[in-house]
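Overview (structure and organization)
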Amino acid sequence: QVQLVESGGGLVQAGGSLRLSCAASGRTSSIYAIAWFRQAPGKERELVAASTWSGVVIYYADSVKGRFTISSDNAKNTAYLQMNTLKSEDTAVYYCAAQRYRGSLYPYWGQGTQVTVAS
């Protein structure tokens, strides 16, 4: 089992920055990839960014390319999502999730952290 805990959300003005953290515990050796999803009120959950646990970037949503950066620090068992030039449309609950195998579902999820961007 893998446990994930997000932190770092909050209220920020448009154009500002936040860094989300996702602390992993348990069988972290079983993690193949880590991803950040978000879900805004009334909208479906969307994949924002993904990378292998070793830090090779797999995916960025078009809406965040050039503004968000996914990274991981294996020594700290923590993944990060650096979010710059935030927009009001980035307002959502952000979740990190872990994947055990390439192309598989994400069985491990954090509880989510709220990001609110004020325009």
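Residues numbered from 1 in each chain as written. Predicted model: local features only at pLDDT ≥ 70, side-chain atom pairs only at ≥ 80, totals over all residues. Heavy atoms only, no water.

**Brief notes about the nonpolar core**
Formed by 30 residues in total, the largest nonpolar core has its most connected members in L4, I34, F68, L81, M83 and Y94. Broken down by secondary-structure element, the contributors of at least two residues to this core are strand 1 (2–7), strand 3 (18–26), strand 4 (33–39), strand 5 (46–52), strand 7 (68–73), strand 8 (78–83), strand 9 (92–99) and strand 11 (113–118). Among all residues touching Y94, those that are not within four sequence positions of it are E6, L20, F37, R38, V48, F68, L81, M83, G112, T113 and V115. Judged by nonpolar contacts, the second largest core, of five residues, contains A35, A50, A97 and Y106. (Core = buried A, V, L, I, M, F, W, Y, C linked by side-chain atoms within 4.5 Å. Buried < 20%, exposed > 50% of the residue type's maximum accessible area, 1.4 Å probe, protein only. Helix = DSSP H or I, 4+ residues; strand = E, 2+ residues; numbered from the N terminus. Contact = heavy atoms within 4.5 Å.)

**A word on the pattern of salt bridges**
All chains considered together, the criterion is met by four salt bridges. Of the charged contacts in the structure, one is a salt bridge between R38 and E46, with a shortest N-O distance of 2.6 Å. The class of R38 is buried, set by a relative accessible area of 5%. In this structure, the salt-bridge partner of D90 is R67, at a minimum N-O distance of 2.7 Å. Linking D90 in the loop between strand 8 and strand 9 with R67 in the loop between strand 6 (57–60) and strand 7, this pair joins segments that are 23 residues apart in sequence. You'll find D90 and R67 in the same group, each marked buried. When salt bridges that share partners are traced, they join R38, E46, R67 and D90 into one network. (Salt bridge = Lys/Arg side-chain N within 4 Å of Asp/Glu carboxyl O.)

**What about the environment of G15?**
Along the chain, G15 turns up in the loop between strand 2 (10–13) and strand 3. Ignoring anything within four residues of it in the chain, the contact list for G15 reads T85 and L86.

**What to know about the sheet that holds strand 1**
The four strands lie next to each other as 1-3-8-7, forming an open sheet whose pairing is antiparallel. Each edge of the sheet is formed by a strand with only one pairing partner; in this case those strands are strand 1 and strand 7. Within this sheet the neighbouring strands show an average axis-to-axis angle of 15 degrees, counted without direction. Strand direction decides the pairing type here: strand 7 and strand 8, joined by six bridges, are antiparallel. The residue of strand 8 that forms the bridge with S71 is Y80. (Pairing = 2+ DSSP bridges. Axes fitted to C-alpha atoms, helices over the stretch in contact; angles between N-to-C directions.)

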